[in-house]
Amino acid sequence: MMGLMEDEVFRAFTTYASVVAVKMVLMSPLTAYFRFTRGAFANAEDVALKPPEERKKLLRTDPDVERVRRCHQNDLENVVPFLALGLLYSLSGPELSCALLHFRLFVGSRIFHTVSYVCTLPQPCRALSFIVGLLTNLSMAYRLLSNVMVL
Amino acid sequence: MMGLMEDEVFRAFTTYASVVAVKMVLMSPLTAYFRFTRGAFANAEDVALKPPEERKKLLRTDPDVERVRRCHQNDLENVVPFLALGLLYSLSGPELSCALLHFRLFVGSRIFHTVSYVCTLPQPCRALSFIVGLLTNLSMAYRLLSNVMVL
Amino acid sequence: MMGLMEDEVFRAFTTYASVVAVKMVLMSPLTAYFRFTRGAFANAEDVALKPPEERKKLLRTDPDVERVRRCHQNDLENVVPFLALGLLYSLSGPELSCALLHFRLFVGSRIFHTVSYVCTLPQPCRALSFIVGLLTNLSMAYRLLSNVMVL
């Protein structure tokens, strides 16, 4: 086996990346939960077992479902760059304390972002948690580019 | 060169990750195919060569195009966590047989998911293939977190 | 520390991956900019500070906002496979010149794609830049599968 998992920074990245990936993956069942409780489906085959007169009504959009989907989309837009940048950043030999700061800030801000979005907390909860995540990504990219630049 | 590609598990991950990434990437041309055959475009510049009286009519949504786009979106939501979790999982030293089981289940379930979605197979084809992929992701994350946890 | 960052190809991948990840991440602030200048918001809490009679009008979709969001979505659909395939490709021991060709073509084509999309350049600017990115991804996947295939 490769010794990557013996590196403290890489183990920390693995932990935080797994946590935030699981959080993102669980947005799909949450969307399904809202689809069933709100009765708002996207595909004809999903309502095939319902009585025919109800089917048309169930193929609709619902504000709560759309809210969870926007939250999921925002996760994709931010967690995915974190997974790539964080991996490369872990391999570029940062201080453990500095790496942990980045990973904790990012994962914490994304969990708070999801809570803010799904529970409709008043602004600027969502905006601030989004910005913290964005700045963490940009900071890791800056450190990568200033250390490893090869054009 | 690094010896990562000499590791059997990592080679297996590389193979299955490439297959499922190619499958996901090919959803874009499939969307384009449906846009052209159904005559449903999203941007004014895409229909600039058509006669002016037809242009407005072509800027519309079409159920088949939206179906392929939802399938592509579901791929993004599930294949991307697989790429990240699978990479880290491969580096954490699993048994080859156990890793192959995860990779094959995931890739198989996603291919079946795409067929179910695009060809509108009756439920629960799509739901089951989605759930198998989700559980594979969660299982890899569980193994990662129970082996490598550093908070 | 692991010696991955001593490998020229891996350093080149890290550089180009960071550049294209930063470009993708910056689409979110660009969307926010268009939302504020066009006055088109998606969530009730985003307009809570406006006078009540204006709020309803601000919860709308705007063609410019939707255009940036489609561009961001297309980025997700193409940059994410690049990040995964490019990483594995870098680890599979390619020639530096060949790897640089792939990375430069991809990153260049995606930057040109964003400019084409956001500034509404006439077709086939956007289509060509999209196709170049797609072919780069497929070429890396082909090289991976022909070198490392383990099924």
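Residues numbered from 1 in each chain as written. Chains lettered and ligands numbered in written order. Predicted model: local features only at pLDDT ≥ 70, side-chain atom pairs only at ≥ 80, totals over all residues. Heavy atoms only, no water.

In the annotation of an unreviewed UniProt entry, chain A is listed under the name Microsomal glutathione S-transferase 1 and assigned to Xyrichtys novacula. For the record of chain A, the UniProt heading Function (unreviewed entry) holds the text "Conjugation of reduced glutathione to a wide number of exogenous and endogenous hydrophobic electrophiles." In UniProt, chain A has this text filed under Subunit (unreviewed entry): "Homotrimer; The trimer binds only one molecule of glutathione." (UniProt positions renumbered as here; feature names shortened; annotations may be inferred.)

Engineer: I would appreciate a short explanation of the interface of chain A and chain C in the present structure.
Structural biologist: One frequent convention defines the size of an interface as the accessible area lost when the parts assemble. Of the residues lining the interface, 33 residues belong to chain A; the matching set on chain C comes to 33 residues. Approximately 2800 Å² of surface area, both sides summed, lies buried where chain A meets chain C, with 71% of it carried by carbon and sulfur atoms. Applying the counting criterion to the chain A and chain C interface returns 2 salt bridges. Of the charged contacts, one joins Arg126(A) and Glu45(C) as a salt bridge, the two residues approaching to 3.2 Å between their closest N and O atoms. The tally of links from chain A across to chain C stands at 6 residue pairs in polar contact (both at pLDDT 80 or more). Looking at the side of chain A that touches chain C, the elements with two or more residues in it are α4 (63-91) and α6 (125-148) of chain A. Tallied by class, residues from the side of chain A that touches chain C come to 21 nonpolar, 7 polar and 5 charged. (Contact = heavy atoms within 4.5 Å. Buried area = accessible area lost by both parts, 1.4 Å probe. Salt bridge = Lys/Arg side-chain N within 4 Å of Asp/Glu carboxyl O. Polar contact = N/O pair within 3.5 Å; in protein donor to acceptor, adjacent residues only side chain to side chain. Helix = DSSP H or I, 4+ residues; strand = E, 2+ residues; numbered from the N terminus. Nonpolar A, V, L, I, M, F, W, Y, C, P; charged D, E, K, R; others polar.)

Engineer: Sorry if this is basic, but what is going on with the packing of aromatic side chains here?
Structural biologist: Any pair of aromatic rings gets described here by the distance separating the centres and the angle formed by the planes. Going through the model one piece at a time under the given rule, you end up with 27 aromatic pairs over all chains. A ring pair is formed by Tyr33(A) and Phe34(A), whose centres lie 5.5 Å apart and whose planes are at 80°; its orientation type is edge-to-face. Take Tyr33(A): its relative accessible area is 49%, and that puts it in the partly exposed class. Cluster of aromatic residues (ring-pair linked, three or more members): Phe10(A), Phe13(A), Tyr16(A), Phe82(A), Tyr89(A), Phe103(A) and Phe106(A). Over the aromatic face of Tyr117(C) sits the side chain of Arg126(C), whose NZ or CZ is 4.3 Å from the ring centroid. (Phe/Tyr/Trp six-rings, centres within 6.5 Å; stacked < 30°, edge-to-face > 60°. Buried < 20%, exposed > 50% of the residue type's maximum accessible area, 1.4 Å probe, protein only. Lys NZ or Arg CZ within 6 Å of the ring centre and 35° of its normal.)

Engineer: Teacher, can you tell me more about the UniProt feature "transmembrane region" (unreviewed entry) in chain A here?
Structural biologist: What UniProt calls "transmembrane region" (unreviewed entry) maps, in this numbering, to residues 12-34 of chain A. Taken end to end, residues 12-34 of chain A is 96% helix and 0% strand, and its first and last C-alpha atoms sit 33 Å apart.

Engineer: Hey, could you run me through the nonpolar core in this one?
Structural biologist: Judged by nonpolar contacts, the single largest core of 99 residues is most densely connected at Phe103(A), Phe103(B) and Phe103(C). Apart from the residues within four sequence positions on either side, Phe103(B) is in contact with Val9(B), Ala12(B), Phe13(B), Tyr16(B), Phe82(B), Gly86(B), Tyr89(B), Ser90(B) and Met140(B). (Core = buried A, V, L, I, M, F, W, Y, C linked by side-chain atoms within 4.5 Å.)

Engineer: Which parts of the structure should I look at to understand the relation of the copies chain B and chain C?
Structural biologist: Superposition of the two copies of the chain requires a rotation about an axis and a shift along the axis. Overlaying chain B with chain C gives an RMSD of 0.0 Å, the required rotation being 120° about an axis along which the chain moves by 0.0 Å. This pairing of chains is accounted for by a three-fold axis. Considering only C-alpha atoms, the part of chain B nearest the rotation axis is Val80(B), at 4.3 Å. A different interface surface on each copy is seen, since only 15% of the contact residues of chain B are contact residues in chain C too. (Least-squares fit on C-alpha atoms with pLDDT ≥ 70 in both.)

Engineer: I'm lost on empty space enclosed by the protein in this one. Help?
Structural biologist: In this approach a probe as big as a water molecule rolls over the atoms, and the regions it shows empty are the leftover space. Counted according to the given criterion, the structure contains 2 cavities of 30 Å³ or more. Counted as a void, the largest cavity has a volume near 280 Å³. Around the largest cavity sit 19 residues that line it, and Ala84(A), Leu83(B), Ala84(B), Leu83(C) and Ala84(C) are the ones nearest its centre. Those elements giving two or more residues to the lining of the largest cavity turn out to be α1 (8-25) and α4 of chain A, α4 (63-91) of chain B together with α4 (63-91) of chain C. Of the residues assigned to the lining of the largest cavity, the class counts are 19 nonpolar, no polar and no charged. Quantified by volume, the second largest cavity comes out at close to 70 Å³. Surrounding the second largest cavity, Leu4(A), Phe10(A), Leu87(A), Leu91(A), Leu4(B), Phe10(B), Leu87(B), Leu91(B), Leu4(C), Phe10(C), Leu87(C) and Leu91(C) form its lining. Taken together, the residues of the lining of the second largest cavity sort by class into 12 nonpolar, no polar and no charged. (1 Å grid on protein atoms, 1.4 Å probe; cavity = no way out; pocket = protein on both sides within 12 Å on 5 of 7 lines; lining within 4 Å. Points joined across faces, edges and corners; volume = space filled by probe spheres on them.)

Engineer: Hey, could you run me through the interface of chain B and chain C in this one?
Structural biologist: Contacts between chain B and chain C engage 34 residues on the former and 33 residues on the latter. For the pairing of chain B and chain C, the buried interface totals around 2800 Å² over both sides, and the portion due to carbon and sulfur atoms is 71%. Linking chain B with chain C are 2 salt bridges, by the criterion used here. Counting residues per element, the ones that place at least two in the side of chain B that touches chain C are α1 (8-25), α2 (27-38) and α4 of chain B. Looking at the side of chain B that touches chain C, the element that brings in the most residues is α1(B), giving 15 residues. A breakdown of the residues in the side of chain B that touches chain C according to their chemical character gives 22 nonpolar, 7 polar and 5 charged.

Engineer: I keep staring at unusual backbone geometry and nothing clicks. Help me out?
Structural biologist: A negative phi holds for most residues other than glycine; trans holds for most peptide bonds. All names here are of chain A. Of note in this structure, Thr120 is not a glycine but carries a positive phi near 50°. In this structure, Thr120 sits in the loop between α5 (96-118) and α6. For Thr120, a relative accessible area of 36% translates into the label partly exposed.

Engineer: Hey, could you run me through the layout of surface pockets in this one?
Structural biologist: Estimated volume of the second largest pocket: approximately 820 Å³. As for the second largest pocket, its lining consists of 31 residues, and the residues nearest its centre are Ala32(A), Arg35(A), Asp46(A), Gln123(B) and Arg126(B). If you list the elements that add at least two residues to the lining of the second largest pocket, you get α2 (27-38) and α4 of chain A together with α4, α5 (96-118) and α6 (125-148) of chain B. The dominant element in the lining of the second largest pocket, judged by the number of residues it contributes, is α2(A), at 6 residues.

Engineer: How should I be thinking about the state of the cysteines in this particular structure?
Structural biologist: Chemically, a disulfide is nothing more than a covalent bond linking the sulfur atoms of two cysteines. A full pass over the atoms with the stated rule returns 0 disulfides over all chains. Left without a disulfide partner, Cys119(C) is nearest to the cysteine sulfur of Cys71(C), which lies 9.6 Å away. (Disulfide = S-S within 2.5 Å.)

Engineer: Would you explain the confidence of the model for chain A in this entry?
Structural biologist: Caution applies to low-pLDDT regions: their predicted coordinates should not be interpreted in detail. All names here are of chain A. Within chain A, residue pLDDT values average 87, and 97% of them lie at 70 or more. When mean pLDDT is compared element by element in chain A, α5 scores highest at 92, while helix α3 (residues 52-58) scores lowest at 78. Reported confidence for the predicted complex is 0.84 by ipTM and 0.87 by pTM. (pLDDT = per-residue confidence, 0-100.)

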